Amino acid sequence: MAKKHQTNQRRNTRRPNRKKTKKKQPPKPQGPVHFKEGMNVSELSQMMGIPISTIIKKLMTLGTMINQNQPLDKETVELIAMEYNIEVLEDTSQQEAIHFEELQTEEKEDDLEVRPPVVTIMGHVDHGKTTLLDTIRHARVTEGEAGGITQHIGAYRYMKDGQSITFIDTPGHAAFTEMRARGASITDIAILVVAADDGVMPQTREAIDHIKAADVPVIVAVNKMDMAGANPDKVKQELAEFNLIPEEWGGDTIFAELSALKNEGVENLLDMILLTAEVTEIKANPNREASGHVIEAELDKGRGPVATLLVQNGTLHLGDTIVIGDTYGRVRNMTDDFGKQVEHALPSMAVEIIGLSDVPAAGDPFKVFDEERTARQIAEKRAEETWKDEHGVAKSVSLDDMFAQIGENEKKQLNIIIKGDTQGSIEALKGALETIEVEGANITVIRASVGTITETDVTLANASGAYIIGFNVRPSAAVRDTARDKGVEIRLYSIIYKAIEDIEMAMEGMLDPEFEEVVTGQAEVRDTFKISKLGTIAGCYVTDGFIKRDATVRVLRDGVVVYEGDLASLKRFKDDVKEVRQGFECGIMIEKFNDIKEGDIIEASVMKEIER
Ligand code: GDP
């Protein structure tokens, strides 16, 4: 797109009569030329050591009329450079710049200064996350302006005695997970809220999985201590199973007992956060251009795109030129969490800004650039890459890729999520996997639980770069779709040693399955007919893909495999058929299996040779 634009510009500025330029002694050619998107004759002249007028003349002889400030495309630059025998190199600084979220900014220890911790509050629904956030918000000392109006901008600061903490103001781990899934880690410390009268619940467990996978320090807030049924010891016992053991029991997890509603013990929690921050040494370099992530963004009718940014490194200034995700702009106005206009935002500070050309997404990285032109080009490049990603082959972390990388770098960690039909099989698989020893790699099982593979598993896998092993369980078509979209690999097994063998082989870099089982479709059993001499016929409806007569089938009941075998017959009305596609009804009989029930799912698969 950029190219087309340039060509048009050039065409419009053709002028038939140019004034003759004065003759000058040509300076010695230099080289090589580092091609930069959008560079003009003037810049090229400096790089090549050839006067502007000479280049313009040369361009004229090549049939291009252009002035010194118009952008040149790469072809034109190459053409001119060739005339002077100068090499053209791609400017890599910009290529790197477009992936700025991956750039690990190397900072000198001396440049680093302590910054406030960024805290996310997680836990089961109704355990008091929102109440805790509200209580802290109201308890904060507002820099002299008592009762400053609190703006909701997605994050706020708690300040006391010159120390501050930034709280991400979106409770629940959805925000945390989504951010992580997008590669944005913004949390320094996680607070796990557990209601003392309720204990560990499903979302508590999920929050723990995420916190562990993200490897951030955690403080347990045992909330609702004012309730009659409060039993903090039970909470501690339950959490001990997850290796969150209080100091008084010889562990190293901080537990703070409190009542968010009555504002009791909250002060102590805040002190614990500050203490943890101090130990963890959270630092950034305030003296450089700002970078960080978007916490929230929306389109405001009056003000246009509005985004809340968390500055993670550097300092953001009013007027800065900024690239956010695929969009860019200039910071025209900046307000803090008190709704006060500010001119600078230091590391760990969240500010709401306006001045962007488009609405970015939560979790998008941002970075400040010196020039607006560079910012625009980088944003355009990023948009182009996003487009390619979305329309091209989905990027996926396959087991093979993962191990291909292992060879290149040092010790790699392979994260695995295990879902299985029984606690026994999961334990066995987990135990066996964790004993696999391959040099340069280790396996971490970040979740192992009974049940079918769900969207939440896929989200966790995506956020943690993990892959999922299903043992005697199958994901639904919807979950499989999500996994495919997100590029999460799911491997299904029904024999433990097969799973172990695969992983062992993969870890040794020789994963070589010649055949792969490919699921072709699913059918739902809507009715059953018992025929005395034959057995049970399942009246089915193909909900997904297709079912072939020679398929292997699995019978799933509530996501668990209850039988695995071959088809005995596949019929449409009275006729035997080779295949039945999605949206059609059919009659299915399974060899040596008559216990089929209404509501069962029949999953069909075929063996397919796969190319390596
Ligand atoms: P969230 O879903 O985790 O954000 O939970 P909320 O903050 O919305 O709290 C759920 C319910 O628990 C609300 O009715 C709160 O008033 C109540 N609650 C929260 N904290 C406490 C507490 O410390 N003590 C008591 N008694 N109730 C609380």
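The preceding data block contains the structure.
The rules behind the values
Residue indices follow the written sequence of each chain, beginning from 1 at its first position. Per-residue local features of the predicted model are confined to residues with pLDDT of at least 70, and side-chain atom pairs are confined, for both listing and counting, to 80 or more; whole-chain, interface and lining totals are unaffected and use all residues. Side-chain measures here rest on the full set of heavy atoms in the structure, leaving out hydrogens and waters. Here a residue is considered near a molecule or strand provided that any single heavy atom belonging to it is located within 4 Å of it. As used in this structure description, the phrase polar contact means that two N or O atoms lie within 3.5 Å; if the pair is within protein, one of them must be able to donate a hydrogen and the other to accept it, and residues adjacent in sequence are counted only when both atoms belong to side chains. Only the protein chains shown count as cover for residues, and the accessible areas themselves come from Shrake-Rupley with a 1.4 Å probe. Think of it this way: any DSSP run of H or I at least four residues long counts as a helix, any run of E at least two long counts as a strand, and we number them from the N terminus. Amino acids outside the nonpolar list (Ala, Val, Leu, Ile, Met, Phe, Trp, Tyr, Cys, Pro) and the charged list (Asp, Glu, Lys, Arg) are all regarded as polar, and Gly is one of them. The rule for pairing is simple: two strands pair if DSSP sees at least two bridges between them. To get an axis, a line is fitted to the C-alpha atoms, and for a helix only the part in contact is used. The angle between two axes follows their N-to-C directions and goes from 0 to 180 degrees. The contact rule is simple, with two residues in contact once any of their heavy atoms fall within 4.5 Å.

Digging into the site of the ligand
Near the ligand you find 15 residues, and of these Asp126, Lys129, Thr130, Thr131 and Asp226 are the closest. Ser259 places a polar side-chain atom, nitrogen or oxygen, 3.2 Å from an oxygen atom of the ligand. Relative to its free-state accessible area of 580 Å², the ligand is covered by the protein chains to the extent of 74%. By residue number, the principal contributor to the shell around the ligand is helix α6 (residues 129-139), which donates three residues. Here the residues of the shell around the ligand are counted per class, giving four nonpolar, seven polar and four charged.

Focus on the sheet that holds strand β5 (residues 155-160)
The strand order across the open sheet built from six strands is β5-β6-β4-β7-β8-β9, with neighbouring strands paired in mixed fashion. Strand pairing shows two members of the sheet lacking a second neighbour, β5 and β9 (254-257), which therefore form its edges. On average, each strand axis in the sheet is tilted by 30° relative to the strand beside it, whichever way the strands run. As paired elements, strand β8 (residues 218-223) and β9 share four bridges and run parallel to each other. Along β9, the bridge assignment pairs Ala221 with Ala256. Running over the sheet, helix α8 (residues 202-214) touches β4 (118-123), β7 (189-195) and β8 and is turned about 165° from β7.

Description of the environment of Ile490
Assignment of secondary structure puts Ile490 in strand β22 (residues 490-493). Ile490 sits ten residues away from Arg480 along the chain, and the two C-alpha atoms are 8.1 Å apart. Residues within four places of Ile490 in sequence aside, it is in contact with Ile453, Ile468, Pro475 and Ala483.

Brief notes about the pairing of strand β25 (residues 552-557)
With six bridges joining them, β25 and strand β26 (residues 560-572) adopt antiparallel strand pairing. Paired with Val553 across the strands is Gly565, a residue of β26.

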